Amino acid sequence: SVMKTRTGVLAMVLVMLATVGAWADHHGERPNVVILATGGTIAGSAETQTQAGYTSGQVGVDILIDAVPQIKDLADVTGEQIANVGSQDMSDAIWLELAKRINELAADPEVDGIVITHGTDTIEETGYFLNLAVNTDKPVVMTAAMRPSTALSADGPLNIFNAVAVAADPEAQGRGVMFVANDDIHGARGITKTSTTHGQTFMSPDRGLIGVTLYGVNRFFRYPYTLHTTESEFSVEEVDALPRVAVLYITADVSPDLIDSAGANGAKGLVTAGVGNGNMTGPALEAVKRAVAKGVVVVRSSRVPSGSVGRNVEVDDDEVGSVASGELNPAKARVLLKMALLKTKDPATIQDYFDRY
Ligand code: ASP
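First, a word on scope: everything that follows refers to the structure included in this document. (Residues numbered from 1 in each chain as written. Predicted model: local features only at pLDDT ≥ 70, side-chain atom pairs only at ≥ 80, totals over all residues. Heavy atoms only, no water.)

**Some thoughts on the overall build of the protein chain**
In terms of regular secondary structure, the protein chain is built from 10 helices and 14 strands. The C-alpha atoms of the protein chain give a radius of gyration of 22 Å, which matches the 21 Å a tight globule of 357 residues would have. Seen along its three principal axes, the alpha-carbon backbone of the protein chain occupies a region of about 80 × 60 × 35 Å. The contacts of the protein chain with a sequence gap of at least 6 include a subset with a gap of at least 24, amounting to 72%. Counting every atom, the protein chain has about 15800 Å² of accessible surface; 54% of that belongs to carbon and sulfur. When the 28 basic and 43 acidic side-chain charges of the protein chain are each reduced to a single mean position, those positions are 4 Å apart. (Helix = DSSP H or I, 4+ residues; strand = E, 2+ residues; numbered from the N terminus. Rg over C-alpha atoms; globule rule 2.2 N^0.38 Å. Contact = heavy atoms within 4.5 Å. Areas by Shrake-Rupley, 256 points an atom, 1.4 Å probe, with all protein chains shown as cover. Lys, Arg positive; Asp, Glu negative; His and termini not counted. Charge placed at Lys NZ, Arg CZ, Asp CG, Glu CD.)

Below is the structure:
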């Protein structure tokens, strides 16, 4: 029986080695990670190390990679420049190019993981878009920085190091598009920017972190609770433009004509950043009904930074014809509505998407 135990242990060790080998064998020792750069403060530069003013999207992907020679210990890394913009200038066109390139790379058996560098302003929108548009289990990890590459204590290099560590980790597979910064691993659906200037600006207020990472050692807490990537029924492979969706910020006594003009100016969808549980004035709700009657799909989100907008809570969505956004903030609700409008204009079907994605 000693022999049997020994054989058992040996067999176990062989299985373990084979599993690790399957990950590593097609390309030697280290996983292959591709960094796709799009710009942002992480690639920004300033005249001095200590000034607030700077310009986003100045530094190319090779310089970003060269600033972190330590990533060579984690992975074989190559870089591609997709764009070099401040993410305030992120566009549907760049989104579509980025998603298609990620899908191409992910289909390559030699590629193990993908990192995207991006500005912080709209990274939550791009990340959620990719969560719907990208079709792979391989890790797709976004990262960013609040300080330009030239600043004292620039946060970009360690964020890139950590993002590569997550992208190179087999444990990161199947967790949807992630966002890594300040040692935190967020899900693309939950992450939001909460401070205009503070380094620790990124929060996932509703459902918390996917995990944490410290100098290349990752700890994962959970998988996403909603559909994403390989489960997504959305695709942009045959798409070269996304439908126009406007977002309107609601206040006390908001002018209802703003809602009328969104539809009149060609929006196919409208997201309201409502007060509280997606609320708005009576006259604004009448304007929503007019928009719905003209074929505009209206999604009620909230300007409140956390919590969910529930269907038929204070607003009777059944009567108004509107869709409730759940936890999706206005910017992310706009993304899902754009994707939904590629398939349907039916508010009930779109409500179902909002409930599941
Ligand atoms: N405006 C910059 C951008 O989003 C801010 C940043 O990256 O932190 O590109």
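Having put the structure on the table, let's press on.
**With respect to unusual backbone geometry**
Positive phi, normally seen in glycine, also occurs at Ser153, with a value near 55°. Note that Ser153 resides in the loop between β4 (140–143) and α5 (156–167). Residues other than glycine seldom take positive phi values, yet Asn182 does so here, at roughly 55°. Locating Asn182 in the fold gives a position in the loop between β5 (178–181) and β6 (184–187).

**A word on the site of the ligand**
Near the ligand you find Gly40, Thr41, Tyr54, Ser56, Gly86, Ser87, Gln88, Gly119, Thr120, Asp121, Ala145 and Met146, and these make up its full shell. With respect to the ligand, the side chain of Ser87 contributes an N or O atom lying 2.5 Å from an oxygen atom. At 3.1 Å, a backbone N or O of Ala145 approaches an oxygen atom of the ligand. Its free accessible area being 270 Å², the ligand has 95% of it covered by the protein chains. Partitioning the shell around the ligand into residue classes produces 3 nonpolar, 8 polar and 1 charged. (Near = heavy atom within 4 Å. Polar contact = N/O pair within 3.5 Å; in protein donor to acceptor, adjacent residues only side chain to side chain. Nonpolar A, V, L, I, M, F, W, Y, C, P; charged D, E, K, R; others polar.)

**Looking at the pairing of strand β3 (residues 113–117)**
Counting buried positions along β3 yields 5 of 5 residues, so the element is predominantly enclosed. The alternating pattern of β3 places Gly113, Val115 and Thr117 on one face and Ile114 and Ile116 on the opposite face, and all of these are buried. As paired strands, strand β1 (residues 32–39) and β3 are joined by 5 bridges and run parallel to one another. Bridging across to β3, Ala37 finds its partner in Thr117. Direction of pairing for β3 relative to β4: parallel, over a ladder of 4 bridges. Looking across to β4, one finds that Thr117 is bridged to Thr143. For the crossover that starts at β3, traverses helix α4 (residues 123–133) and ends in the parallel β4, the hand is right-handed. (Buried < 20%, exposed > 50% of the residue type's maximum accessible area, 1.4 Å probe, protein only. Pairing = 2+ DSSP bridges. Right-handed = clockwise from strand over helix to strand, strands pointing away.)

**Looking at the nonpolar core**
Phe129 and Leu130 are the most contacted members of the largest nonpolar core, which has 54 residues in total. The biggest single contributor to this core is helix α3 (residues 92–106), with 8 residues. Excluding residues within four positions of it along the chain, Leu130 makes contact with Leu98, Ala99, Ile102, Ile116, Met142 and Val177. Counting 30 residues, the second-largest nonpolar core is a separate cluster that includes Val33, Val61, Leu74 and Phe220. (Core = buried A, V, L, I, M, F, W, Y, C linked by side-chain atoms within 4.5 Å.)

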